[in-house]
Amino acid sequence: MYELACPACNSPSQYDISDYLLMCPFCSATFRLDKESGQKEIFNDHYIIANTSNPVQVKSLVLEWLARLNHKPNATAKEYFITNISGLSRPYWVVSLEVYTVWKGLVQRQHRVRLDSYPGTDYLIEHGQFKRNYRWAISGRNNICESWGMTRLHEPKEPIEVAWDGFPLDSTFSRGQLQEPKTEKSAYDSREFFEFKFSNGLAIIGVQVDEDEALRRARLHVEQYHLELSKLNVDYLTDFRTEVEVAGVQLVHLPFWYATYVYRPRTILRHFYRPKEKNVILEGYNNGVLAGELPIRHKDKLWVNALICGAASVILFLLGLAWHSAFFVVALFGVIVTAASAYVALTRAAEANEQAPVVERTAQA
Ligand SMILES: [Zn+2]
């Protein structure tokens, strides 16, 4: 931390000068510090989307979200417990882009041609082009894993596996809503010039990533996205070209809410199931649920299955000892089911770990 005087209001304050941009806590001015010369330059393209929610509202929304997932909605209040709620206003570089893509590839014919024809005649060459506009949001934080759920916020309509952390602002901040939106205005259109007061109680976190990096990342993300979109048109993509036109870039602080909950079932399952905290993330403009972990995953069910079968096998084995050797056969079957469930649960866990994004930690000089 370093004491600096604000270039706008001259008030002294403590700043983390490893951040790319600094924000004055008194007048909300945003500025850059040139560490070599000590010169300060005011940065004007900084906006904030006001937070409109609060912990009470977030709690009731998360419970409602859980109730909609549950087949016994009335049991939600008795089985689900919200353990924590917190909010953050996070910095994003919002890059306005026009993306133009040309693709070419092979599509298999619906009706096969003569069987004795030479290789490749089953395929037709097709090509096409498309153009899309986005306001693409790129995290202004170096570590996209520092809060839960920030690694894959893009949920395209198309059947595509998203492998990038950036997201189109407009469709993301209008999805997952459980209530009627308060206004027709998009989140972006209701942004304000940055002032701390618009966070309405949320902590505002600092900007670490500069706009050049943000622009590079935005280009990379939309190119990856358009490559996946192009692949949907063909069986074999042979050519692909994308041109990205940047219309502008702004820094916008976006409101997010994080909730954790535990599920304590009131059924027999409770004896076999150790409650684990699960995460839900909401945006704080329209209060849409952006992502959430389901109460019991398939893997957890497999573990419960393994446990119950394991216990049954032991009982059957004892019955075999005490009563009739036929029980050994049934016990053996139980052991096989136990082992299979545990094996599948373990391999699934390994797969999930492999899919988790790897964060490169660069030492800060
Ligand atoms: Zn100031």
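Residues numbered from 1 in each chain as written. Predicted model: local features only at pLDDT ≥ 70, side-chain atom pairs only at ≥ 80, totals over all residues. Heavy atoms only, no water.

**Section: the confidence of the model for the chain**
- Across the chain, the average pLDDT comes to 88, with 91% of residues at 70 or higher.
- Considering only residues more than four positions removed or in separate chains, one finds that residues 353-365, a stretch of pLDDT under 50, has seven contacts. (pLDDT = per-residue confidence, 0-100. Contact = heavy atoms within 4.5 Å.)

**Observations regarding the side chain of Ser 147**
- Mapping Ser 147 onto the fold places it in the loop between strand E8 (123-139) and strand E9 (167-168).
- Looking at Ser 147, its side chain comes within polar contact range of the side chain of Arg 90, at 2.8 Å. (Helix = DSSP H or I, 4+ residues; strand = E, 2+ residues; numbered from the N terminus. Polar contact = N/O pair within 3.5 Å; in protein donor to acceptor, adjacent residues only side chain to side chain.)

**Considerations on the domain arrangement of the chain**
- Domain boundaries assigned for the chain yield domain 1 (1-43), domain 2 (45-296) and domain 3 (300-352).
- Taken over C-alpha atoms, the centre of domain 1 sits 63 Å from the centre of domain 3. (Domains from an automatic or database assignment.)

**A few points about the nonpolar core**
- By size, the foremost hydrophobic cluster in this structure holds 26 residues, and its most contacted members are Leu 21, Trp 93, Leu 97, Trp 136, Val 222 and Tyr 225.
- Where this core is concerned, the elements lending two or more residues are strand E7 (80-108), E8, helix H4 (211-231) and strand E12 (236-263).
- With six residues, the top contributor of residues to this core is E7.
- A domain split of this core shows at least three residues from each of domain 1 (1-43) and domain 2 (45-296). (Core = buried A, V, L, I, M, F, W, Y, C linked by side-chain atoms within 4.5 Å. Buried < 20%, exposed > 50% of the residue type's maximum accessible area, 1.4 Å probe, protein only.)

**Thoughts on H4**
- With 21 residues, H4 ought to run about 30 Å at 1.5 Å a step, and its terminal C-alpha atoms sit 30 Å apart, in line with that.
- Listed in full, the buried residues belonging to H4 are Ala 214, Arg 217, Ala 218, His 221, Val 222, Tyr 225, His 226, Leu 229 and Ser 230.
- The inward-facing, buried residues of H4 contact E7, E8 and E12.
- With a side-chain oxygen lying 3.0 Å from the backbone nitrogen of Asp 212, the N-terminal cap of H4 falls on Asp 210. (Expected span 1.5 Å × (residues − 1).)

**Topic: the sheet that holds strand E3 (residues 22-23)**
- With antiparallel pairing, the three strands of this open sheet are ordered in space as E3-E4-E5. Looking at strand neighbours, the two that pair on one side only are E3 and strand E5 (40-42), the edges of this open sheet.
- Note: E3 against strand E4 (residues 30-33), two bridges, orientation antiparallel. Counterpart to Leu 22 in the pairing with E4 is Phe 31. (Pairing = 2+ DSSP bridges.)

**Here's the deal with the pairing of strand E1 (residues 2-5)**
- Examined bridge by bridge, E1 and strand E2 (residues 12-15) share four bridges and lie antiparallel to one another. Across the sheet, the residue bridging to Tyr 2 is Tyr 15, located in E2.
- Connecting E1 to the antiparallel partner E2 that follows it, the hairpin turn spans six residues, and Asn 10 within it adopts a positive phi of roughly 70°.

**Comments concerning the packing of aromatic side chains**
- What the rule picks out here adds up to 17 aromatic pairs.
- Measuring from centroid to centroid gives 5.9 Å for Phe 43 and Trp 93, while their planes differ by 90°, and the two rings are edge-to-face. Here the residue Phe 43 occupies a position in the loop between E5 and strand E6 (46-48), and Trp 93 occupies one in strand E7, the gap between them amounting to 50 residues. Like Trp 93, Phe 43 is buried.
- With centroids separated by 5.3 Å and ring planes inclined at 85°, the aromatic side chains of Tyr 134 and Trp 136 adopt a geometry described as edge-to-face. (Phe/Tyr/Trp six-rings, centres within 6.5 Å; stacked < 30°, edge-to-face > 60°.)

**A short note on the coordination of the zinc ion**
- Taken together, Cys 6 (SG), Cys 9 (SG), Cys 24 (SG) and Cys 27 (SG) make up the full set of protein donors to the zinc ion, lying 2.2 to 2.3 Å away.
- All donors to the zinc ion come from one chain, and their sequence spacing reads C-x2-C-x14-C-x2-C. Here Cys 24 lies in the loop between E3 and E4 and Cys 6 lies in the loop between E1 and E2, a separation of 18 residues in the sequence. Each member of the pair, Cys 6 as well as Cys 24, is classed as buried. (Donors = N, O, S within 2.8 Å, 3.2 Å for Na, K, Ca; no water.)

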